[in-house]
Amino acid sequence: MNIQTIFKSTAVVAALMAAGYATNVKADAVADFYSGKSISLIIGYGAGGGYDTYSRVLARHLGNHIPGKPTIVPKNMPGAGAVKAANFIFNATPKNGTNLGVFASSAAMDPLFSGKKSKAKFQPEKFTWIGNMNKETFTCGVWKSSGIKTFDEMIKKGITFGSTGPAAITSQHPRTFNSLAGTKIKIIYGYKGTKGVNLAMRQGEVGGSCGLSKSTIMSRWYKDIKKGDLKIIVQMGVKKDPYFGDAAHIFDYAKNDGARKAMKAIFGRDILGRPLAASPGIPADRAKALRKAFVDTMNDPVFLADAKKTRITINYHSGAEVDKLIAGFLATPADAIAMAKKALARPKKK
């Protein structure tokens, strides 16, 4: 071996060692930052619902995969269909990776569809997206006391649904039905999550609810469905899910091709069932560590056993995949957005 070969080999080894050293320094910096700290996990809905359940299971395990092993502290912040929590994460938290938030994709994309009436004070593409815990299909159901058994019957007779607020899918979905599928649903606001709407149905205040995800139905509503108290009458996934049996597929009720495009724009984002975000502008090394910790958690046998025990389904997106989905939503054709905005237009206060 000549002197030049030795020199080159030594240089390569030195470069590799330097790269490894730099990587370790970055990892140590993240661990040093998080060691002894806690991360607030802001949940955009009240206690007892699907988002709360998912978030609390995540909180029990995520910290084990973050360098420095910080404690994850779940905190409920319901309001405005989770827009309140999204606003808080985006604007009011330190840009250092010590606050995370779980809120619906309907809240995340509210600026795109609600226009000037939106209460959102954020740009969805600028969140630091950490991942999404489950790819969802959402449905609407009616309580037995409503006397309604099918979506066609609901179109003819009309019904009252309960909701948390106009930005929530419990309001957005039925408003879309009214505009694009010919239903006559009246919405009563002010309930604290689907758990509050469930209680209202039991008490006869409302006849049904939207925003019932497949995972929540399997974990928290299955007893009501098995007993015949709750009937799922329509599903909103872009593709029909056989799990819901004879429930109508909303796309079959689109008045025309334009309405179908608007439905796809509105309901397509529901695939982001349980997204997790941090504020914009957190240090790149912490963002990378949080994203990796999320994926590691989603594949952790202990976490998955806890999820199974809690009866929640895990079918995740990575942070990079969420970025691509958000970009795709924002690139929706203008004509579909215009019709979706019209469908989602909030009623004027009397």
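Conventions used here
- The residue count restarts for each chain, going from 1 along the sequence in the order it is written.
- Note on the predicted model: pLDDT of at least 70 is required for a residue's local features to be given, and 80 or more for side-chain atom pairs to be given and counted; whole-chain, interface and lining totals, by contrast, use all residues.
- Side-chain numbers come from the whole structure's heavy atoms, not from hydrogens or water.
- In this description a helix means any DSSP run of H or I spanning at least four residues, a strand means any run of E spanning at least two, and both kinds are numbered starting from the N terminus.
- Each radius of gyration reported is based on C-alpha atoms, and the globular scaling rule is 2.2 Å times the count of residues to the power 0.38.
- A 1.4 Å probe rolled over the protein chains alone gives each residue an accessible area, and that area as a share of the maximum for its type sets the label: buried under 20%, exposed over 50%, partly exposed in between.
- Only the protein chains shown count as cover for residues, and all accessible areas are computed by the Shrake-Rupley method using a 1.4 Å probe.
- Neither His nor the chain ends contribute to the count of charged residues, in which Lys and Arg are positive and Asp and Glu negative.
- To locate a charge, the coordinates of NZ of Lys, CZ of Arg, CG of Asp or CD of Glu are taken.
- We call a pair of cysteine sulfur atoms a disulfide when they lie within 2.5 Å.
- Criterion for a salt bridge: a side-chain nitrogen of Lys or Arg within 4 Å of a carboxyl oxygen of Asp or Glu.
- Take the buried Ala, Val, Leu, Ile, Met, Phe, Trp, Tyr and Cys residues and link them wherever side-chain atoms come within 4.5 Å; each set so joined is a nonpolar core.
- Whether two residues are in contact is decided by their heavy atoms, any of which lying within 4.5 Å being enough.
- Two strands pair under a simple rule: DSSP has to find at least two bridges between them.
- The definition of a right-handed crossover adopted here requires that, viewed with the strands pointing away, the path from the first strand over the helix to the second runs clockwise.
- To pair, rings of Phe, Tyr and Trp, with the six-membered ring standing in for Trp, must have centres within 6.5 Å; the planes then decide the type, stacked if under 30 degrees apart, edge-to-face if over 60, and tilted in the middle.
- The criterion is that NZ of a Lys, or CZ of an Arg, lies within 6 Å of the ring centre and within 35 degrees of the ring normal, and then a charge sits over that ring.
- A cavity here means a set of 1 Å grid points, computed over protein atoms only, where a 1.4 Å probe fits but cannot escape. A pocket is an open set with protein on both sides within 12 Å along at least 5 of 7 lines, and lining residues have an atom within 4 Å of a point.
- Grid points are joined across faces, edges and corners, and a volume is the space filled by probe spheres set on the points.
- One axis fitted to the seven residues ending at a residue, another fitted to the seven starting there: the angle between these axes is the bend at that residue.
- Think of each axis as a best-fit line through the C-alpha atoms, taken over the contacting stretch in the case of a helix, with angles from 0 to 180 degrees between the N-to-C directions.
- To sort the angles, those under 35 degrees are grouped as roughly parallel, those over 145 as roughly antiparallel, those from 65 to 115 as roughly perpendicular, and the leftovers as oblique.
- For this scheme, ten residues count as nonpolar: Ala, Val, Leu, Ile, Met, Phe, Trp, Tyr, Cys and Pro. Four count as charged, namely Asp, Glu, Lys and Arg, and the remainder, Gly too, count as polar.

K.L.:
Before we go on, may I ask you to explain the overall build of the protein in this structure?
P.N.:
Helix and strand content of the protein: 14 helices and 12 strands. The C-alpha atoms of the protein give a radius of gyration of 23 Å, which matches the 20 Å a tight globule of 350 residues would have. Dimensions of the protein, computed from C-alpha atoms along their principal axes, come out at roughly 90 × 40 × 40 Å. Counting all 350 residues of the protein, 52% fall into the buried class. With an accessible surface of roughly 16,200 Å², the protein has 57% of that area assigned to carbon and sulfur atoms. Here the protein contributes 53 positive and 23 negative side-chain charges, whose respective centroids are spaced 5 Å apart.

K.L.:
Got a minute to help me understand the state of the cysteines in this structure?
P.N.:
In protein structure, a disulfide is the covalent linkage between the sulfur atoms of two cysteines. Across all of its chains, the model carries one disulfide by this definition. There is a disulfide in this structure between C140 and C210, and the S-S distance comes to 1.9 Å. Judged by the sign of its S-S torsion, about 100 degrees, the cystine formed by C140 and C210 is right-handed. A residue pair is termed long-range when its members are at least 10 positions apart, and C140 in strand β5 (residues 138-143) and C210 in strand β8 (residues 208-213) qualify at 70 residues. Comparing C140 with C210 shows no difference in burial state: the two are buried.

K.L.:
Can you walk me through the pattern of salt bridges in this structure?
P.N.:
One side chain can pair with another of opposite charge once the charged atoms of both are near each other. Under the counting rule described, the total for this entry stands at 13 salt bridges. The partner of E136 in a salt bridge is R274, with the nearest N and O atoms 3.2 Å apart. In this pair, E136 sits in the loop between β4 (128-132) and β5 while R274 sits in the loop between α10 (257-267) and β11 (275-278), placing the two residues 138 residues apart along the sequence. On the basis of relative accessibility, which here comes to 1%, the residue R274 falls in the buried class. A cluster of three or more residues bridged by salt bridges with shared partners is formed by K144, K227 and D229.

K.L.:
How do you make sense of the nonpolar core when you look at a structure like this?
P.N.:
Counting 89 residues, the largest nonpolar core has F177 and I250 as the members making the most contacts within it. In contact with I250, other than residues within four places in its own chain, are F151, F177, A181, V234, Q235, M236, M263 and F267. Ranked by size, the runner-up nonpolar core spans 13 residues in total, among them V206, W221, L230 and A247.

K.L.:
Before we go on, may I ask you to explain the pairing of strand β7 (residues 185-188) in this structure?
P.N.:
Successive side chains on a regular strand alternate, one facing one side of the sheet and the next facing the other. Going residue by residue along β7, you find I185 and I187 tucked away on one face and K186 and I188 left uncovered on the opposite face. Bridge count between strand β6 (residues 159-162) and β7: four bridges; the pairing is parallel. Bridged to G162 within β7 is I188. At this point the chain moves from β6, through helix α7 (residues 169-180), to the parallel β7, and the crossover so formed is right-handed.

K.L.:
What am I meant to see in the sheet that holds strand β12 (residues 317-318) here?
P.N.:
Paired through backbone hydrogen bonds, the strands of a sheet run either parallel or antiparallel to each other. Ordered by their spatial adjacency, six strands build an open sheet running β2-β1-β3-β11-β4-β12, and the pairing between neighbours is mixed. Where the open sheet ends on each side, the last strands, each with one partner, are β2 (71-76) and β12. Relative to β11, β4 runs antiparallel, the two sharing four bridges. From the neighbouring strand, G131 faces β11, where its bridge partner is L276.

K.L.:
What am I meant to see in the packing of aromatic side chains here?
P.N.:
The relative placement of two aromatic rings is captured by the distance of their centres and the angle of their planes. Applying the stated criterion across every chain, the model contains 14 aromatic pairs. Pairing F33 with Y34 gives two aromatic rings, centres 5.0 Å apart and planes at 75 degrees, and the pair type is edge-to-face. For Y34, a relative accessible area of 0% gives the class buried. Taken together, the aromatic side chains of F90, F103, F122, F127 and W129 make up a single cluster linked through ring pairs. Lying over the aromatic face of F33, K37 brings its terminal NZ or CZ to 4.4 Å of the ring centre. Over the face of the ring belonging to Y222 we find R311, whose NZ or CZ atom lies 4.0 Å from the ring centre.

K.L.:
Help me out: how do you make sense of empty space enclosed by the protein in this one?
P.N.:
Leftover empty space is mapped by rolling, across the atoms, a probe with the size of a water molecule. Per the stated rule, a full pass over the model turns up one cavity of 30 Å³ or more. Roughly 220 Å³ of volume is contained in the largest cavity. Surrounding the largest cavity, 22 residues form its lining, Y45, Y51, G193, T194 and G211 being those nearest its centre. Going through the elements one at a time, α2 (50-59), α7, α8 (193-202), β8 and α9 (214-227) are the ones with two or more residues in the lining of the largest cavity.

K.L.:
Sorry, what's going on with α9 here?
P.N.:
In an α-helix, one turn spans 3.6 residues, which is why side chains three or four residues apart end up on the same side. Approximately 80 degrees is the largest bend angle found in α9, and it occurs at W221. Of the positions making up α9, those classed as buried are S215, T216, I217, S219, W221 and D224. Check the buried side of α9 and you find it contacts α2, β5, α8, β8, β9 (230-235) and α12 (301-310). Immediately beyond the C-terminal end of α9, within one or two residues, lies G228, with a positive phi of roughly 90 degrees.

K.L.:
Is there a simple way to explain the packing of α10 against helix α14 (residues 334-343) in this structure?
P.N.:
Packed helices, taken two at a time, are described by the angle their axes make and the gap between the axes. Across the interface, α10 lies against α14 with an axial gap of 8 Å and an inter-helix angle of 80 degrees. When the axis of α10 is compared with that of α14, the two are roughly perpendicular. Contacts from G258, A259, K261, A262 and I266 of α10 reach α14 at D335, A336, M339, A340 and A343. Partitioning the contact of α10 with α14 into residue classes produces seven nonpolar, one polar and two charged.

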